[in-house]
Amino acid sequence: MDWRAFEISLALAFWTLAVLVPLSTLIARALAWRRFPGRGLVEALVALPLVLPPTVLGFYLLESFSADSLLGGFYQSVTGELLAFSFQGLLLASVIFNLPFAVQPIQRSFEAIQPNIREAAWVSGLSNWSTFWRIELPLAWPGFVSALALTFAHTLGEFGVVLMVGGNIAGETRTAAIAIYDRVQAFDNAAAAQMSAVLLLLSIVAISVVNLTARRQRRSRG
Amino acid sequence: MAEPGQNGLCVTLRQEGPIPLDLSLTCGANEIVALVGPSGSGKTTILRSIAGLYKPAHGRIEHDGDIWLDIASGQCWPPQRRSVGFVFQDYALFPNLTASGNVEAALGHLPRGKRGARALALLDQVNMGGLGGRWPDELSGGQCQRTAVARALARDPTVLLLDEPFSAVDQVTRRRLQGELLVLHRSIAAPVIFVTHDLREAANIASRMAVLHRGAILQIGAPPKIFAQPVSPTVARLLDLPNLFEAVVHGTSDDGRFTVLDWRGQRIEARVNASVAAGQEIDWMVPRSSVILHRRGRPSRGERENPVSGRVEDMLVFGDQTTILLRADFAPELPLSFTMSTHAARRNGIVSGVDATVSLVADDIHIMARN
């Protein structure tokens, strides 16, 4: 069993969440409450990874990560390293392909907050910042839990994009999902089965967390 | 513009759309002003503008020397700085906080350690003592309303705004809450402006009432005066006042006490109105309570005062009061509506279809000149 692959998967999931949660909060809040030109386009772009085949997404990401592309070239000129086939490149790809899984539940939960609840906070003297922390965030919490669980599970499981962008470099970009494929290719079905079972368990836990939170929320709001 | 006086509020708002506004309004610290008018007349937008939740295209809001809004000079204080208490129509309690948590959230100006005690005191003040630990979804409509009021008071507001504060509670609770608001107003000495659809509510608790239509104030003043003397048929209609008719001014009576009207050939004497001249078309109205039924077979006092004969078309018994619809013989398309006690109607043999004669009390007939 390839524990190093699990380590990479978990590190990827952790860093993806660390980047994605604040980013998604900003995007989701703007999509939920602001009317701005291009709002529909942003919403469509966020949803795109849901419908795009992972290999297609991976292909475009790989193209833009290459040293002679704008993004990849810039990254290389700053860090001296190649963005493609690196953990950092994988992280960037992971953030992008997880956008819909994080933004959409958070956006729905912000949308469910009545506008006059926020107005009530303002006329009660709460600043925008306190309103966010004391009122909006607690009310939108179920959406955040969904986003966390879905992104976490999806990062552990993503295969196509990871293979395209990261390749299969042991200790750098070989995640658990890739390792399973790798083991099956090597006729090591026992190791593949073990790793699959662990991923299955993690996925069940993630879904249970989402469902339990949703049920608790329904009960507490009567 | 009228002076709002000490601690008063002075509001001017003007815009074409999306919600038309064109009004000036003042409210003194000892006043409760009611905004009434049909849906879409801008009532709620006025409150929201005062609170800083809505920015009109043009306007100025001044309170006690502070300029909260002055579009001309680009000044617009955010809601946090305006020290208003706002009670929303559906209360907008924070669902994630208990009743006392809701109040404490608005106590940000106090040190953390003092907020709990102050929240309890405020809840006590609105008769919510002992219920501070309840969640909003465990509170009745009246309790939610009281919590919302306590939260609105928590900032020590210098202006209290209430958007249809009593619309979502039952009749008994409404009466009680209205009384509580009056008591509360005595203790806070801040201008109170509230929006209502309920004209009786406005009449009961407002010191002044503003009748709004399409963002403009058609009339503002003490409720009894507005109900008795609306400035125009539009105001009368918005206030659902009955017995609104058109007539032509005939002249002034010989003794100078009455303005004489020609109502479809019928001579009507009305309280003298110096602003109208003979030949002018005017609108006039007579309150239900000033239409007096003649007793049958027995002449009674004042019978010669504007007698109108007709046929009883319909009668509606509202408990001990009965509203009767009379079609005058000379103008059957203009029914007169009047009320009398149910037992008197019965004693006089009033039923649908009988002939009856009424007098219109001249001193209560109100003439509205047309511009």
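Residues numbered from 1 in each chain as written. Chains lettered and ligands numbered in written order. Predicted model: local features only at pLDDT ≥ 70, side-chain atom pairs only at ≥ 80, totals over all residues. Heavy atoms only, no water.

A. Focus on the pattern of salt bridges. One pass over the structure, following the stated rule, counts 21 salt bridges over all chains. Arg48(B) is the salt-bridge partner of Glu119(A), the closest N and O atoms lying 2.7 Å from each other. Taken together, the residues span two chains, with Glu119(A) in helix H6 (residues 115-123) and Arg48(B) in helix H1 (residues 43-51). On the basis of relative accessibility, which here comes to 11%, the residue Glu119(A) falls in the buried class. Because the salt bridges share partners, they merge into one network encompassing Arg174(A), Asp182(A), Arg183(A) and Asp188(A). (Salt bridge = Lys/Arg side-chain N within 4 Å of Asp/Glu carboxyl O. Helix = DSSP H or I, 4+ residues; strand = E, 2+ residues; numbered from the N terminus. Buried < 20%, exposed > 50% of the residue type's maximum accessible area, 1.4 Å probe, protein only.)

B. Region of the structure containing the nonpolar core. Ranked by internal contacts, the top residues of the largest apolar core, which has 73 residues, are Phe110(A), Leu35(B), Ile46(B), Ile50(B), Leu161(B) and Ile193(B). The element contributing the most residues to this core is helix H5 (residues 87-111) of chain A, with 11 residues. With 46 residues, the next largest nonpolar core counts Val36(B), Ala106(B), Leu177(B) and Leu241(B) among its residues. (Core = buried A, V, L, I, M, F, W, Y, C linked by side-chain atoms within 4.5 Å.)

C. Broad picture of the packing of H6(A) against helix H7 (residues 128-157) of chain A. Residues and elements named next belong to chain A. At their nearest, the axes of H6 and H7 sit 10 Å apart, and the two run at 145° to each other. Relative to H7, the crossing made by H6 is right-handed. Across from Ile 117, Arg 118, Ala 121 and Trp 122 in H6, the residues of H7 making contact are Asn 128, Thr 131, Ile 135, Glu 136 and Leu 139. When the residues that make up the contact of H6 with H7 are grouped by side-chain class, the tally is 5 nonpolar, 2 polar and 2 charged. (Axes fitted to C-alpha atoms, helices over the stretch in contact; angles between N-to-C directions. Left-handed = near helix turned anticlockwise from the far one by under 90°. Contact = heavy atoms within 4.5 Å. Nonpolar A, V, L, I, M, F, W, Y, C, P; charged D, E, K, R; others polar.)

D. The arrangement of the environment of Ala140(A) in detail. Residues and elements named next belong to chain A. Following the sequence through the fold, Ala 140 ends up in helix H7. The spacing of Ala 140 and Phe 110 is 30 residues in sequence and 5.6 Å in space, taken between C-alpha atoms. Apart from the residues within four sequence positions on either side, Ala 140 is in contact with Ser 109, Phe 110 and Ile 113.

E. A look at the sheet that holds strand S13 (residues 258-263) of chain B. All names here are of chain B. Strand order in the open sheet made by the 5 strands is S14-S13-S12-S15-S21, with antiparallel pairing throughout. Unpaired on one side and paired on the other, strand S14 (266-271) and strand S21 (366-369) mark the two borders of the sheet. Pairwise comparison of adjacent strand axes, ignoring direction, gives a mean angle of 45° for this sheet. Inspection of the sheet shows strand S12 (residues 244-252) paired to strand S15 (residues 281-285) by 5 bridges, in the antiparallel sense. Within S15, the position partnered with Leu 244 by the bridge is Met 285. (Pairing = 2+ DSSP bridges.)

F. Region of interest: the sheet that holds strand S17 (residues 307-318) of chain B. Residues and elements named next belong to chain B. If you walk across this open sheet you meet the 5 strands as S16-S20-S17-S18-S19, and the pairing is antiparallel. Where the open sheet ends on each side, the last strands, each with one partner, are strand S16 (291-293) and strand S19 (336-341). The mean angle between the axes of side-by-side strands here comes to 45°, regardless of whether they run parallel or antiparallel. With 3 bridges connecting them, S16 and strand S20 (residues 355-360) associate as antiparallel partners. Paired with Val 291 across the strands is Leu 360, a residue of S20.

G. The arrangement of the interface of chain B and chain A in detail. Chain B puts 20 residues into the contact, and the matching count from chain A is 19 residues. Here chain B packs against chain A, burying approximately 1600 Å² in sum over the two surfaces, 60% of which is carbon and sulfur. Contact with chain A buries surface across chain B, with Gln80(B), Phe94(B) and Asn96(B) losing the most and accounting together for 31% of the total. Seen at the junction of chain B and chain A, the total is 1 salt bridge. (Buried area = accessible area lost by both parts, 1.4 Å probe.)

H. The side chain of Gln145(B), seen in detail. Residue and element names in this part refer to chain B. By the element assignment, Gln 145 lies in helix H4 (residues 141-154). Taking relative accessible area as the criterion, Gln 145 reaches 3% and is therefore assigned buried. Here Pro 165 takes part through its backbone oxygen, which lies 3.5 Å from a polar atom of the side chain of Gln 145. For Gln 145, the contacting residues outside a window of four places in its chain are Tyr 91, Pro 165, Phe 166 and Leu 177. (Polar contact = N/O pair within 3.5 Å; in protein donor to acceptor, adjacent residues only side chain to side chain.)

I. Structural view of the state of the cysteines. Following the criterion strictly, the structure yields 0 disulfides over all chains and no others. Cysteine Cys27(B) remains unbridged, with the sulfur of Cys10(B) as its closest cysteine sulfur at 11 Å. (Disulfide = S-S within 2.5 Å.)

J. Spatial organisation of a nonpolar patch on the surface. Together, Leu41(A), Leu45(A), Leu48(A), Leu50(A) and Val51(A) give the surface a local cluster of nonpolar side chains, amounting to about 500 Å² of exposed area. Tracing the backbone shows Val51(A) in helix H2 (residues 39-51). (Patch = residues over 30% accessible without salt bridge, like charges linked within 9 Å, V, L, I, M, F, W, Y side chains within 5 Å. Areas by Shrake-Rupley, 256 points an atom, 1.4 Å probe, with all protein chains shown as cover.)

K. Spatial organisation of the environment of Pro242(B). Residues and elements named next belong to chain B. Residue position: Pro 242 is located in the loop between helix H8 (233-238) and S12. When its relative accessible area of 16% is taken as the criterion, Pro 242 is described as buried. Each residue touching Pro 242, except ones within four places of it in the same chain, is listed here: Met 285, Val 286, Arg 288 and Ser 337.

L. Local environment of the packing of helix H3 (residues 54-65) of chain A against H5(A). Residue and element names in this part refer to chain A. At their nearest, the axes of H3 and H5 sit 11 Å apart, and the two run at 135° to each other. Classified by the interaxial angle, the pair formed by H3 and H5 is oblique. Handedness of the crossing formed by H3 with H5: right-handed. Residues Leu 57, Leu 61 and Phe 65 of H3 form the contact with H5, whose participating residues are Gly 89, Leu 92, Ala 93, Ile 96 and Phe 97. (Parallel < 35°, antiparallel > 145°, perpendicular 65-115°, else oblique.)

M. A look at the packing of aromatic side chains. Residues and elements named next belong to chain A. In total, this model carries 15 aromatic pairs over all chains according to the counting rule given. On the numbers, 5.8 Å between centres and 45° between planes, the contact of Trp 3 with Phe 6 is tilted. One end of the pair is Trp 3 and the other is Phe 6, both in helix H1 (residues 3-33) and 3 residues apart, which spans about a single turn. The exposure class of Phe 6 is buried, given its relative accessible area of 6%. Measuring from centroid to centroid gives 6.3 Å for Trp 129 and Phe 132, while their planes differ by 25°, and the two rings are stacked. On the criterion of helical spacing, the pair formed by Trp 129 and Phe 132 is a turn pair, its members being 3 residues apart in helix H7. The exposure class of Phe 132 is buried, given its relative accessible area of 13%. These aromatic residues form a ring-pair network of at least three members: Trp 33, Phe 110, Trp 141 and Phe 144. (Phe/Tyr/Trp six-rings, centres within 6.5 Å; stacked < 30°, edge-to-face > 60°.)

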